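Residue strings, one per chain:
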Amino acid sequence: MKKLFRFLIAGGIGFVVDAGVLHLLLWFTPFGPFVGRALSIPSALLATWFLNRNFTFGRSNRSLAAEGFRYGSVGLTSALLNYALFSSLLVSEPTLQPIIALILASAAATAFSFFGYSRFVFRHRQNP
């Protein structure tokens, strides 16, 4: 339960990074929500990897490159799921605010990413 709580904190911070970057891109650039989200997702992924590695799960026994690859694989799959849901919501409901679509899509991808990170990336680590 402690890991789930920490994961949700890290994810919350990642969400703020994602939403913040998206908001800034929508406000200060000609990018629309689709391009903006494609650029905000990597920022959030980097922030959550750092937090999950140092706060939630701890560092794995793998090399930094191997851990990063695994984390990136799960994160990219989760991000694709998140982005597909985000896009589907905006296309099916054009009047929906992008931030609402972001909240719904992010919530749906949370369970997938927790399972993937805890089982595939950091599973072998023994907890003290």
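- Per an unreviewed UniProt entry, the protein chain goes by GtrA family protein and derives from Rhizobium jaguaris.
- According to the UniProt record, the Sequence similarities (unreviewed entry) comment for the protein chain reads "Belongs to the GtrA family."
- Word for word, the UniProt comment on the protein chain under Subcellular location (unreviewed entry) is "Membrane".

## Re the packing of helix α2 (residues 33-56) against helix α3 (residues 64-92)
Point 1. Interhelical geometry of α2 versus α3 gives an angle of 145° and a closest axis separation of 10 Å. The handedness of the crossing between α2 and α3 comes out as right-handed.

## Details of a nonpolar patch on the surface
Point 1. Taken together, the side chains of Phe5, Ile9, Ile13 and Phe55 present a nonpolar region at the surface, about 350 Å² in accessible area.
Point 2. When residues in the nonpolar patch are grouped by element, the largest group, 3 residues, is from helix α1 (residues 2-28).
Point 3. Looking at the element boundaries, Phe55 is found in helix α2.

## Digging into the packing of aromatic side chains
Point 1. Counted by the stated rule, this structure contains 9 aromatic pairs.
Point 2. When the centroid spacing of 5.0 Å and the interplanar angle of 15° are considered together, the rings of Phe57 and Phe122 count as stacked. Within this pair, whereas Phe57 is found in the loop between α2 and α3, its partner Phe122 is found in the segment after α4 (98-121), the two being separated by 65 residues in sequence. Exposure class is identical for Phe57 and Phe122. Each is buried.
Point 3. Here the basic side chain of Arg37 rests over the ring of Phe86, its NZ or CZ set 5.0 Å away from the ring centre.
Point 4. The lysine or arginine in question, Arg70, covers the ring of Phe120, its NZ or CZ lying 4.2 Å from the ring centre.

Cut-offs applied
- Residues numbered from 1 in each chain as written.
- Predicted model: local features only at pLDDT ≥ 70, side-chain atom pairs only at ≥ 80, totals over all residues.
- Heavy atoms only, no water.
- UniProt positions renumbered as here; feature names shortened; annotations may be inferred.
- Axes fitted to C-alpha atoms, helices over the stretch in contact; angles between N-to-C directions.
- Helix = DSSP H or I, 4+ residues; strand = E, 2+ residues; numbered from the N terminus.
- Left-handed = near helix turned anticlockwise from the far one by under 90°.
- Patch = residues over 30% accessible without salt bridge, like charges linked within 9 Å, V, L, I, M, F, W, Y side chains within 5 Å.
- Areas by Shrake-Rupley, 256 points an atom, 1.4 Å probe, with all protein chains shown as cover.
- Salt bridge = Lys/Arg side-chain N within 4 Å of Asp/Glu carboxyl O.
- Phe/Tyr/Trp six-rings, centres within 6.5 Å; stacked < 30°, edge-to-face > 60°.
- Buried < 20%, exposed > 50% of the residue type's maximum accessible area, 1.4 Å probe, protein only.
- Lys NZ or Arg CZ within 6 Å of the ring centre and 35° of its normal.

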